[in-house]
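Chains, contacts and geometry: an overview
Here are the chains, one letter per residue:
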Amino acid sequence: MNLYLRYFDHETLVTSVDEAIAFLSSIDEIGMNPDLEQDIREYAASDVFLPKRYKIRPRVYFIVIKTEAATMQDFKDKKALRSHVAEAAPMKDRNNTHMVLTKLNEERPGWYEGAIDFKRVLMVPGTGKFQYRDTHFVAQVKAISPMDCYNRIVEHLRERVDERSQFPSAKGKNFNYRFLGAAKASEK
């Protein structure tokens, strides 16, 4: 694994952490110190493939990127992109997402208790300006599925709150539900 480092117009592609440290030490503005050196070594040894950004002073950073590119030209041509990172996402995560969608769309007519956390737009009385407020809303809803429960709650709220309010995805952690029981024949 190689490292690409860049600070303004100073850039390099190195094959070891020691070369990276030497490069950064040659730039006076960076101010290489033992803590920074240790952090760069830990980043290089970790399984993290996201770029790492180090702050020099306000709005001034240098970056370190792990890459499989053998040369600077390969890196610039993006020939060594980690396209298999997305494919290598744990199958467990993909199955979990699929399972969540399946459960949300599973038809089970009856009563549900749905809870949603959303960003509600409210006017601040003293200033007349608007701001987002985290709001928790719980309702008991007659629905045919958890997704139908979510849709009914959001539809109800959209009619009663500012249109700029933001609602979370039903798949996320900001929507929870529980099945309360089947509807009685007389309720249908």
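Here is a short report on the structure shown in this document. (Residues numbered from 1 in each chain as written. Predicted model: local features only at pLDDT ≥ 70, side-chain atom pairs only at ≥ 80, totals over all residues. Heavy atoms only, no water.)

Re the nonpolar core
Of all hydrophobic cores here, the largest spans 18 residues; its most connected members are Leu5, Ile40 and Phe62. Breaking this core down by element, the ones donating at least two residues are β1 (2-7), α1 (17-25), α2 (34-45) and β4 (60-67). Setting aside residues up to four positions removed in sequence, phenylalanine 62 forms contacts with Arg6, Tyr7, Leu24, Ile30, Leu36, Ile40, Lys52, Arg53, Tyr54 and Ile56. By size, the runner-up hydrophobic cluster in this structure holds 16 residues, among which are Cys149, Tyr150, Val154 and Ala170. (Core = buried A, V, L, I, M, F, W, Y, C linked by side-chain atoms within 4.5 Å. Buried < 20%, exposed > 50% of the residue type's maximum accessible area, 1.4 Å probe, protein only. Helix = DSSP H or I, 4+ residues; strand = E, 2+ residues; numbered from the N terminus. Contact = heavy atoms within 4.5 Å.)

Some words on the sheet that holds strand β3 (residues 52-57)
With respect to topology, four strands assemble into an open sheet ordered β2-β1-β4-β3, the strand pairing being antiparallel. If you trace the sheet from one side to the other, it starts and ends with β2 (10-14) and β3, each paired once. Sheet twist, expressed as the mean angle between neighbouring strand axes with direction ignored, is 15°. Pairing of β3 with β4 involves five bridges; the strand directions are antiparallel. If you follow tyrosine 54 over to β4, its bridge partner there is phenylalanine 62. (Pairing = 2+ DSSP bridges. Axes fitted to C-alpha atoms, helices over the stretch in contact; angles between N-to-C directions.)

Here we look at the side chain of threonine 135
Considering the arrangement of structural elements, one finds threonine 135 in strand β6 (residues 130-143). For threonine 135, the side chain forms a polar contact with the main-chain oxygen of arginine 133, separated by 3.2 Å. For threonine 135, the residues in contact, after removing those within four places along its chain, are Ile116, Asp117, Phe118 and Arg120. (Polar contact = N/O pair within 3.5 Å; in protein donor to acceptor, adjacent residues only side chain to side chain.)

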